[in-house]
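# Observations on chain architecture
Each chain is listed here by its residues.
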Amino acid sequence: MSSADSIDGRNIIRFDIGGPLGYTAEYNFMRRYFKPIVPVLLSYERVIKPRVSISGEVLLWGGGLSDVRWGTGVQGRYYFWNLQPKAEELYLAGALQYRWVRTDLGYRNWQQHWAGPSVSMGWQKFNRSGWGLDVALGVSFWVPLSADSPPTTRIKQEKGMYEKNHILPDGRLGVAYRWGSSRR
(Lines give C-alpha, C1' and ligand atoms only; values in the text may rest on other atoms or scores of the structure.)
Protein backbone atom coordinates (compact mmCIF):
# COMPACT_ATOMS: atom_id res chain seq x y z
CA MET A 1 0.00 0.00 0.00
CA SER A 2 1.22 3.46 -0.83
CA SER A 3 0.99 6.48 1.46
CA ALA A 4 -1.65 7.89 -0.90
CA ASP A 5 -3.96 5.06 0.19
CA SER A 6 -3.92 6.07 3.87
CA ILE A 7 -6.49 8.38 5.41
CA ASP A 8 -5.18 10.35 8.39
CA GLY A 9 -7.64 11.91 10.77
CA ARG A 10 -10.47 9.53 9.97
CA ASN A 11 -12.72 10.82 12.81
CA ILE A 12 -13.64 14.46 13.43
CA ILE A 13 -15.77 15.88 16.22
CA ARG A 14 -16.94 19.47 15.85
CA PHE A 15 -18.45 22.03 18.23
CA ASP A 16 -20.07 25.13 16.73
CA ILE A 17 -18.97 28.37 18.41
CA GLY A 18 -20.46 30.70 15.79
CA GLY A 19 -24.05 29.90 16.75
CA PRO A 20 -23.77 31.07 20.36
CA LEU A 21 -21.89 34.20 19.31
CA GLY A 22 -24.29 35.02 16.46
CA TYR A 23 -27.52 34.38 18.36
CA THR A 24 -26.25 36.30 21.40
CA ALA A 25 -25.30 39.30 19.25
CA GLU A 26 -28.63 39.19 17.38
CA TYR A 27 -30.71 38.87 20.55
CA ASN A 28 -28.85 41.60 22.46
CA PHE A 29 -28.68 44.11 19.61
CA MET A 30 -30.47 47.30 20.74
CA ARG A 31 -31.24 45.97 24.25
CA ARG A 32 -30.33 47.63 27.53
CA TYR A 33 -29.17 44.42 29.18
CA PHE A 34 -27.01 41.54 28.04
CA LYS A 35 -28.28 37.97 28.07
CA PRO A 36 -26.20 35.14 26.50
CA ILE A 37 -27.90 32.65 24.19
CA VAL A 38 -26.10 29.30 24.17
CA PRO A 39 -27.21 26.89 21.45
CA VAL A 40 -25.17 23.69 21.20
CA LEU A 41 -24.43 22.22 17.77
CA LEU A 42 -22.27 19.08 17.91
CA SER A 43 -21.29 16.90 14.98
CA TYR A 44 -19.29 13.75 14.37
CA GLU A 45 -17.70 13.23 10.95
CA ARG A 46 -16.33 9.98 9.56
CA VAL A 47 -14.05 10.04 6.53
CA ILE A 48 -15.10 7.14 4.29
CA LYS A 49 -12.87 7.82 1.25
CA PRO A 50 -9.89 10.15 0.75
CA ARG A 51 -12.17 12.99 -0.43
CA VAL A 52 -15.57 11.96 0.97
CA SER A 53 -17.03 12.01 4.47
CA ILE A 54 -20.40 11.64 6.15
CA SER A 55 -21.44 13.24 9.42
CA GLY A 56 -24.31 13.49 11.85
CA GLU A 57 -25.19 16.54 13.92
CA VAL A 58 -27.36 17.36 16.91
CA LEU A 59 -28.71 20.81 17.75
CA LEU A 60 -29.70 21.50 21.35
CA TRP A 61 -31.33 24.72 22.50
CA GLY A 62 -30.90 26.55 19.22
CA GLY A 63 -32.53 29.83 18.32
CA GLY A 64 -33.32 32.50 20.86
CA LEU A 65 -35.27 32.80 24.08
CA SER A 66 -38.69 32.94 22.40
CA ASP A 67 -37.96 30.71 19.37
CA VAL A 68 -36.24 27.53 20.62
CA ARG A 69 -35.03 24.89 18.12
CA TRP A 70 -33.90 21.29 18.59
CA GLY A 71 -32.87 19.07 15.74
CA THR A 72 -30.66 16.66 13.93
CA GLY A 73 -29.08 16.30 10.53
CA VAL A 74 -26.97 14.16 8.22
CA GLN A 75 -24.31 15.75 6.04
CA GLY A 76 -22.07 14.54 3.24
CA ARG A 77 -18.90 16.38 2.30
CA TYR A 78 -16.71 16.34 -0.79
CA TYR A 79 -13.18 17.65 -0.18
CA PHE A 80 -11.39 19.20 -3.14
CA TRP A 81 -8.04 17.81 -1.91
CA ASN A 82 -7.18 14.53 -0.19
CA LEU A 83 -7.43 14.88 3.58
CA GLN A 84 -3.96 15.25 5.07
CA PRO A 85 -2.94 16.00 8.68
CA LYS A 86 -1.74 19.58 8.13
CA ALA A 87 -3.62 20.54 4.97
CA GLU A 88 -6.13 23.29 4.57
CA GLU A 89 -9.26 21.70 3.22
CA LEU A 90 -11.92 23.28 1.02
CA TYR A 91 -15.19 21.34 0.79
CA LEU A 92 -18.70 21.30 -0.65
CA ALA A 93 -21.40 19.87 1.62
CA GLY A 94 -25.00 18.79 1.27
CA ALA A 95 -27.24 17.96 4.21
CA LEU A 96 -30.71 16.84 5.22
CA GLN A 97 -31.90 18.47 8.44
CA TYR A 98 -34.84 18.29 10.84
CA ARG A 99 -35.91 20.94 13.35
CA TRP A 100 -38.50 20.96 16.11
CA VAL A 101 -39.38 24.56 16.90
CA ARG A 102 -41.17 25.88 19.97
CA THR A 103 -42.21 29.52 19.82
CA ASP A 104 -43.20 31.21 23.07
CA LEU A 105 -45.84 33.79 22.24
CA GLY A 106 -46.25 34.94 25.82
CA TYR A 107 -49.75 33.58 26.18
CA ARG A 108 -49.10 30.11 24.77
CA ASN A 109 -46.48 27.97 23.02
CA TRP A 110 -46.66 27.06 19.36
CA GLN A 111 -44.83 23.94 18.13
CA GLN A 112 -43.77 23.09 14.59
CA HIS A 113 -41.71 20.47 12.76
CA TRP A 114 -39.54 21.40 9.77
CA ALA A 115 -37.16 19.52 7.48
CA GLY A 116 -35.14 20.29 4.42
CA PRO A 117 -31.91 20.14 2.46
CA SER A 118 -29.00 22.54 2.68
CA VAL A 119 -25.86 23.18 0.65
CA SER A 120 -22.72 24.92 1.82
CA MET A 121 -19.12 25.63 0.94
CA GLY A 122 -16.59 25.41 3.72
CA TRP A 123 -12.96 25.50 4.73
CA GLN A 124 -11.17 23.80 7.59
CA LYS A 125 -7.60 23.71 8.83
CA PHE A 126 -6.02 21.41 11.41
CA ASN A 127 -2.73 21.70 13.27
CA ARG A 128 -0.38 18.79 14.04
CA SER A 129 -2.05 18.01 17.36
CA GLY A 130 -5.41 17.46 15.64
CA TRP A 131 -7.19 20.68 16.64
CA GLY A 132 -8.74 22.76 13.90
CA LEU A 133 -11.14 25.42 12.75
CA ASP A 134 -14.12 24.86 10.43
CA VAL A 135 -15.92 27.71 8.63
CA ALA A 136 -18.84 27.29 6.22
CA LEU A 137 -21.45 29.41 4.46
CA GLY A 138 -24.51 28.14 2.66
CA VAL A 139 -28.25 28.13 2.33
CA SER A 140 -31.00 25.97 3.86
CA PHE A 141 -34.44 25.22 2.40
CA TRP A 142 -37.17 24.46 4.97
CA VAL A 143 -40.46 22.62 4.40
CA PRO A 144 -43.14 22.35 7.11
CA LEU A 145 -43.86 18.80 8.29
CA SER A 146 -46.58 19.75 10.77
CA ALA A 147 -49.90 21.15 9.66
CA ASP A 148 -50.21 23.56 12.60
CA SER A 149 -51.11 27.04 11.48
CA PRO A 150 -49.73 29.97 13.41
CA PRO A 151 -51.93 31.16 16.26
CA THR A 152 -53.85 34.34 15.70
CA THR A 153 -54.24 37.32 17.94
CA ARG A 154 -56.67 40.21 17.60
CA ILE A 155 -53.91 42.35 16.12
CA LYS A 156 -52.06 40.09 13.68
CA GLN A 157 -51.24 36.48 12.87
CA GLU A 158 -48.02 35.34 14.59
CA LYS A 159 -45.30 33.63 12.53
CA GLY A 160 -42.08 31.88 13.51
CA MET A 161 -38.71 32.21 11.79
CA TYR A 162 -39.12 29.24 9.43
CA GLU A 163 -42.73 30.27 8.70
CA LYS A 164 -41.55 33.73 7.57
CA ASN A 165 -38.59 32.46 5.52
CA HIS A 166 -38.43 29.04 3.87
CA ILE A 167 -34.97 29.79 2.48
CA LEU A 168 -32.41 30.88 5.08
CA PRO A 169 -28.67 31.52 5.11
CA ASP A 170 -26.67 28.93 7.00
CA GLY A 171 -23.29 29.66 8.49
CA ARG A 172 -20.96 27.68 10.73
CA LEU A 173 -17.89 28.54 12.73
CA GLY A 174 -16.64 25.55 14.65
CA VAL A 175 -13.79 24.17 16.66
CA ALA A 176 -12.88 20.63 15.62
CA TYR A 177 -10.66 17.78 16.74
CA ARG A 178 -9.44 15.09 14.33
CA TRP A 179 -7.98 11.72 15.28
CA GLY A 180 -7.41 8.17 14.05
CA SER A 181 -6.05 6.79 10.83
CA SER A 182 -6.72 3.86 8.59
CA ARG A 183 -4.97 2.05 5.80
CA ARG A 184 -6.85 0.77 2.77
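Attention in this report is confined to the structure presented alongside it. (Residues numbered from 1 in each chain as written. Predicted model: local features only at pLDDT ≥ 70, side-chain atom pairs only at ≥ 80, totals over all residues. Heavy atoms only, no water.)

### Section: the overall build of the chain
Helices and strands together make up the secondary structure of the chain, namely 2 helices and 9 strands. Counting helices and strands in the order they occur from the N terminus, the chain gives β-α-β-β-β-β-β-β-β-α-β. Sequence-distant contacts in the chain: of pairs separated by 6 or more residues, those separated by 24 or more amount to 64%. For the chain, the exposed area adds up to about 10600 Å²; of that, 62% sits on carbon and sulfur atoms. (Helix = DSSP H or I, 4+ residues; strand = E, 2+ residues; numbered from the N terminus. Contact = heavy atoms within 4.5 Å. Areas by Shrake-Rupley, 256 points an atom, 1.4 Å probe, with all protein chains shown as cover.)

### Some details on empty space enclosed by the protein
In this structure the tally under the stated criterion is 1 cavity of 30 Å³ or more. Lining of the largest cavity is provided by 21 residues; of these, Arg14, Glu57, Gln75, Arg77 and Arg172 occupy positions nearest its centre. Sorting the residues of the lining of the largest cavity by element identifies β1 (6–16), β2 (40–49), β3 (52–63), β4 (67–79), β6 (109–126), β7 (131–141) and β9 (167–183) as the ones contributing at least two each. Take the lining of the largest cavity: its biggest share by element is 4 residues, from β9. Tallied by class, the residues present in the lining of the largest cavity amount to 7 nonpolar, 7 polar and 7 charged. (1 Å grid on protein atoms, 1.4 Å probe; cavity = no way out; pocket = protein on both sides within 12 Å on 5 of 7 lines; lining within 4 Å. Points joined across faces, edges and corners; volume = space filled by probe spheres on them. Nonpolar A, V, L, I, M, F, W, Y, C, P; charged D, E, K, R; others polar.)

### Let's talk about the pairing of β7
When a strand is regular, its side chains alternate between the sheet's two faces. Strand direction decides the pairing type here: β6 and β7, joined by 9 bridges, are antiparallel. Looking at β7, one finds that Ser118 is bridged to Ser140. In this antiparallel pair of consecutive strands, β6 and β7, the connection spans 4 residues, and Gly130 shows a positive phi of 105°. (Pairing = 2+ DSSP bridges.)

### Observations regarding the environment of Lys35
One can find Lys35 in the loop between α1 (18–28) and β2. Lys35 gets classed as partly exposed once you look at its relative accessible area, which sits at 38%. (Buried < 20%, exposed > 50% of the residue type's maximum accessible area, 1.4 Å probe, protein only.)

### Focus: the environment of Tyr27
With respect to the element layout, Tyr27 can be found in helix α1. Considering only alpha carbons, one finds Tyr27 and Ile37, 10 residues apart in sequence, at a separation of 7.7 Å.

### Here we look at the packing of aromatic side chains
Scanning the entire structure with this criterion turns up 5 aromatic pairs. Between the aromatic rings of Tyr177 and Trp179, the centroid separation amounts to 6.0 Å while the plane-to-plane angle is 20°, which identifies the pairing as stacked. The exposure class assigned to Tyr177 is partly exposed, which follows from its relative accessible area of 28%. In this structure an aromatic cluster arises from ring pairing among Tyr44, Trp131, Tyr177 and Trp179. The positively charged end of Arg77 is found above the aromatic ring belonging to Tyr91, 3.8 Å away from the centroid. Over the ring of Phe126 we find Arg178; its NZ or CZ atom is 4.1 Å from the centre of that ring. (Phe/Tyr/Trp six-rings, centres within 6.5 Å; stacked < 30°, edge-to-face > 60°. Lys NZ or Arg CZ within 6 Å of the ring centre and 35° of its normal.)

### Some points on the side chain of Asp134
Position of Asp134 among the secondary structure elements: in strand β7. At 3.0 Å, the side chain of Asp134 and the side chain of Arg14 are in polar contact. Not counting chain neighbours up to four residues away, the residues in contact with Asp134 comprise Arg14, Arg77, Tyr91, Trp123, Gln124, Arg172, Leu173 and Gly174. (Polar contact = N/O pair within 3.5 Å; in protein donor to acceptor, adjacent residues only side chain to side chain.)

### Structural notes on the pairing of β3
Pairing of β2 with β3, which is carried by 9 bridges, proceeds in the antiparallel orientation. Residue pairing in the sheet places Val47 in a bridge with Ser53 of β3. Taking the residues between adjacent antiparallel strands as the criterion, β2 and β3 are bridged by 2 residues. Pairing analysis gives 10 bridges linking β3 to β4, with the strands arranged antiparallel. Bridge pairing links Ser53 to Arg77 in β4.

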